[in-house]
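# Fold and contact review
Chain residues, written in single-letter form:
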Amino acid sequence: MEIENYKQQMQKALVHFENELGTLQLGRASSTLVENVKIYIPSWDMKQSLNQLANITIMDSQTIKVEPWDKWTLSSIEKGIYESGLWLTPINNGETILIKIPPLTQERRQDLTKVVSKMWEDAKVAVRNIRHDAVKEIKKWFEDKSISETDKKKYEEKMDEITKDFTAKIEEKIKNKSAEIMKI
């Protein structure tokens, strides 16, 4: 029936989780760190993602270069990066913005591990909630006599299998990211 819909929802939760992990500052330059930072442009009275306002390139392992398509957005981009909560200090040279990525301290690594654990828990909860919704709908189908008891068990087993699969994917991503954080 509509089990694929729940699988797609779990896939979206996984992609969201991966995007969240990509925003973590791990002591080296990465365009994913800043590409989704929301920049408020006063003349437009709206926010835009940085990747919609500028070209983002990696100059070296510690430097991100942001080249706005419109130079008049430079100060808004600088302010948006500074206020993003990523603990980055943009350097505006009048043409581009350079962002130097500081190396991670042991204390910052431990803080990041806590942040990753919270993201991990949130992702697992999202997958479990999707599974809960699916099981609820399967029970409704059974009560409405749309499916037999055999089909009900089959669908519930399929949802359990999908849930285990996505949970394993999340676990793998966490294991890799935690190892990356603690690597000196």
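See the structure shown above.
Described in the following lines is the structure provided in the data block.

## Notes on the pairing of strand β4 (residues 63-68)
Two strands pair when backbone bridges link them, and strand β3 (residues 54-60) and β4 are joined in this way by 6 bridges, in the antiparallel orientation. Its bridge partner lying in β4, Ile-56 is registered against Val-66. Two successive antiparallel strands, β3 and β4, enclose a turn made up of 2 residues. With 4 bridges joining them, β4 and strand β6 (residues 97-100) adopt antiparallel strand pairing. Following the sheet pairing, Val-66 is matched in β6 by Ile-97.

## Quick word on the packing of aromatic side chains
In this structure the tally under the stated criterion is 2 aromatic pairs. Note on Trp-44 and Trp-72: the rings are 5.5 Å apart at their centroids and 85° apart in plane angle, and the pair reads as edge-to-face. Linking Trp-44 in the loop between β1 (38-41) and β2 (46-49) with Trp-72 in the loop between β4 and α2 (74-82), this pair joins segments that are 28 residues apart in sequence. For Trp-72, a relative accessible area of 47% gives the class partly exposed. Relative to Tyr-155, the ring of Trp-141 lies with its centre 5.7 Å away and its plane at 75°, an arrangement referred to as edge-to-face. A residue pair is termed long-range when its members are at least 10 positions apart, and Trp-141 in helix α3 (residues 106-143) and Tyr-155 in helix α4 (residues 149-182) qualify at 14 residues.

## Topic: the pattern of salt bridges
Counted according to the given criterion, the structure contains 12 salt bridges. A salt bridge links Lys-173 to Glu-18; the shortest N-O distance between them is 3.0 Å. Of this pair, Lys-173 sits in helix α4 while Glu-18 sits in helix α1 (residues 3-22), and the two are 155 residues apart along the sequence. Lys-140 is the partner of Asp-144 in a salt bridge, and the nearest nitrogen-oxygen pair spans 3.1 Å. Given a relative accessible area of 47%, Asp-144 falls into the partly exposed group.

## Re the nonpolar core
In terms of nonpolar packing, the biggest core is built from 27 residues, with Ile-3, Met-10, Phe-17, Leu-24, Ile-138 and Met-159 touching the most fellow members. Those elements giving two or more residues to this core turn out to be α1, α3 and α4. With 9 residues, α3 is the single largest residue contributor to this core. Other than its neighbours up to four places away in sequence, Ile-3 contacts Ile-138, Trp-141, Tyr-155, Lys-158, Met-159 and Ile-162. Formed by 20 residues, the second largest nonpolar core is a distinct cluster that contains Val-37, Ile-41, Leu-50 and Leu-86.

## Focus: the side chain of Ser-49
By secondary structure assignment, the location of Ser-49 is in strand β2. Excluding residues that lie within four positions of it along the chain, Ser-49 makes contacts with Glu-35, Asn-36, Val-37 and Lys-38.

## Overview of unusual backbone geometry
You will see that Asp-45, though not glycine, has its phi angle at about 55°, which is positive. For Asp-45, the position within the fold is in the loop between β1 and β2. Assessed through its relative accessible area of 58%, Asp-45 is described here as exposed. With a phi close to 60°, Lys-145 is a non-glycine residue in the positive phi region. In this structure, Lys-145 sits in the loop between α3 and α4. Under the relative-accessibility criterion, Lys-145 is labelled exposed at 73%.

Calculation criteria
Residues numbered from 1 in each chain as written. Predicted model: local features only at pLDDT ≥ 70, side-chain atom pairs only at ≥ 80, totals over all residues. Heavy atoms only, no water. Pairing = 2+ DSSP bridges. Helix = DSSP H or I, 4+ residues; strand = E, 2+ residues; numbered from the N terminus. Phe/Tyr/Trp six-rings, centres within 6.5 Å; stacked < 30°, edge-to-face > 60°. Buried < 20%, exposed > 50% of the residue type's maximum accessible area, 1.4 Å probe, protein only. Salt bridge = Lys/Arg side-chain N within 4 Å of Asp/Glu carboxyl O. Core = buried A, V, L, I, M, F, W, Y, C linked by side-chain atoms within 4.5 Å. Contact = heavy atoms within 4.5 Å.

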